[in-house]
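# Observations on the three-dimensional arrangement
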Amino acid sequence: MTTLTPILSENWDRPDSFTYDGYRATGGYEALRKALTMEPDSIVDLVKASGLRGRGGAGFPTGMKWGFLPKDNPNPRYLVVNADESEPGTCKDIPLMLANPHVLVEGVAIASYAIKSRQAFIYVRGEVVHVIRRLRKAVAEAYEAGLLGKNILGTGFDLDVVVHAGAGAYICGEETALLDSLEGYRGQPRLKPPFPAVAGLYASPTVVNNVESIASVPGIVANGAEWFTSMGTEKSAGFGFFSLSGHVTNPGQYEAPLGITLRELLDMAGGIRSGHRLKFWTPGGSSTPIFTEEHLDTPLDFESVGAAGSMLGTRALQIFDETTCVVRAVGRWIAFYAHESCGKCTPCREGNFWMVQVLDRLERGEGTEADIDKLLDICDNLLGRSFCALGDGATSPVMSSIKYFRQEYVDHYEKGGCPFDHSRSTVWADRPTITEEEGGNR
């Protein structure tokens, strides 16, 4: 049985976990002090040796991304932290910043020093005002302690950190759309190349990393690469948050080594809600192909999940039991992607719009076999033909749901409507009804 590895979440049970004093009491900022005695390139090499892969979904090696910055470019270098978390089912970066913002601030300082950047930005989703306020407070505390600003700890290293509130667009989770938004433009993905490492923010060399990726850096600096590689698998080293939501007894954040299985996580979470069984689930959020009960023992690492036909993504494990209508669930996801498409490229703008129409028609029981083929045809025209991964991600739940549950699509039009009682999939479905005699009307 794999055990949990509370590292980033170790001090979450402290009432002062989000404060500077609370973070320092648990060894906070000691990694920064150590890093500032090292050569910047040696920190990059350390992160490479650790095998840390991006925790934002793509899983690209973090140290390698840092190493892509051109050495002969005279422009300033920038670090940008992508905290625009908005994938349906994904909720790891926001609770991390809420409960332990200083680990991110420390990671930003170390990463900036490693890539020789003197300006860093943390781009946070605008709706999470409570997180923005807490993060800005943590940055202010770091300035007051001399850990940000001019001549940090007397080393001659200067760093300014800006917490930027986005306007609430899912597309700004894509790194180049995020950069356009930071520059004051409408958030839309850029055509690549050039890549951000060469021409990113203000046309200068830029590293864009996820919150959890940067927050993992202090632990690596403090404990070494071997400590990090002792967890996880050979090619997917380390630990990460697994966010369990949906029809599970105890939803929440489970910080564990990569390679743990859903079966193990469900055991820790109390299993599927009482009286029900697992039907399907997402290994990495709604933009990853769905899995079924047959994948319960698939190791949750980048290689194993990919070999099984999906992507690890953000490790957002949305759990659905047998009361859930697949067509309805997929339809809600695609409605989200249609709404959030920036409209820059025709395949995504038109493809998602028309998939919503077809899925709604099927759910009402007015579809035909041709509609199922039409969905697959739209996905074929969308996959790999859009500016960014939003288009590709939108095809994932559609294609995988038809692969595993085609008969359920057929049942909708053969029976003239959805065969599911949607109220049964709600969290209150199995609770006893309060009658008026028992104190109803509440």
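This text goes with the structure placed above it.
Residues numbered from 1 in each chain as written. Predicted model: local features only at pLDDT ≥ 70, side-chain atom pairs only at ≥ 80, totals over all residues. Heavy atoms only, no water.

### Brief notes about the overall build of the chain
When its secondary structure is counted, the chain shows 18 helices and nine strands. The globule rule puts the C-alpha radius of gyration for 442 residues at 22 Å, and the 23 Å found for the chain is close to it. Considered along the principal axes of its C-alpha atoms, the chain spans approximately 75 × 50 × 45 Å. A sequence separation of at least 24 residues applies to 70% of the contacts in the chain between residues at least 6 apart. Accessible surface computed for the chain: about 18,500 Å², of which carbon and sulfur atoms make up 52%. Computed over 42 positive and 55 negative side-chain charges, the separation of the two mean positions in the chain equals 4 Å. (Helix = DSSP H or I, 4+ residues; strand = E, 2+ residues; numbered from the N terminus. Rg over C-alpha atoms; globule rule 2.2 N^0.38 Å. Contact = heavy atoms within 4.5 Å. Areas by Shrake-Rupley, 256 points an atom, 1.4 Å probe, with all protein chains shown as cover. Lys, Arg positive; Asp, Glu negative; His and termini not counted. Charge placed at Lys NZ, Arg CZ, Asp CG, Glu CD.)

### Quick look at a nonpolar patch on the surface
A cluster of nonpolar side chains, namely F60, M64 and F68, defines an oily patch on the protein surface of about 280 Å² accessible area. Looking at the element boundaries, M64 is found in helix α4 (residues 62–67). (Patch = residues over 30% accessible without salt bridge, like charges linked within 9 Å, V, L, I, M, F, W, Y side chains within 5 Å. Salt bridge = Lys/Arg side-chain N within 4 Å of Asp/Glu carboxyl O.)

### Here we look at the pairing of strand β4 (residues 206–210)
Most of β4 is tucked away, with five of its five residues classed as buried. Residues T206, V208 and N210 of β4 are buried on one face, and the alternating residues V207 and N209, pointing to the opposite face, are buried as well. The sheet contact formed by strand β1 (residues 78–83) and β4 spans five bridges and is parallel. Note on β4: the bridge partner recorded for Y78 is T206. (Buried < 20%, exposed > 50% of the residue type's maximum accessible area, 1.4 Å probe, protein only. Pairing = 2+ DSSP bridges.)

### Description of the sheet that holds strand β5 (residues 239–246)
Strands sit in the order β6-β5-β9-β7-β8 across an open sheet of five strands; the sheet is mixed. Looking at strand neighbours, the two that pair on one side only are β6 (252–257) and β8 (291–292), the edges of this open sheet. Alignment of β5 against β6, held across six bridges, turns out to be antiparallel. The partner of F241 across the bridge, within β6, is E255. On the sheet, helix α15 (residues 326–340) packs against β7 (278–282) and β9 (316–321) and is oriented at approximately 15° with respect to β7. (Axes fitted to C-alpha atoms, helices over the stretch in contact; angles between N-to-C directions.)

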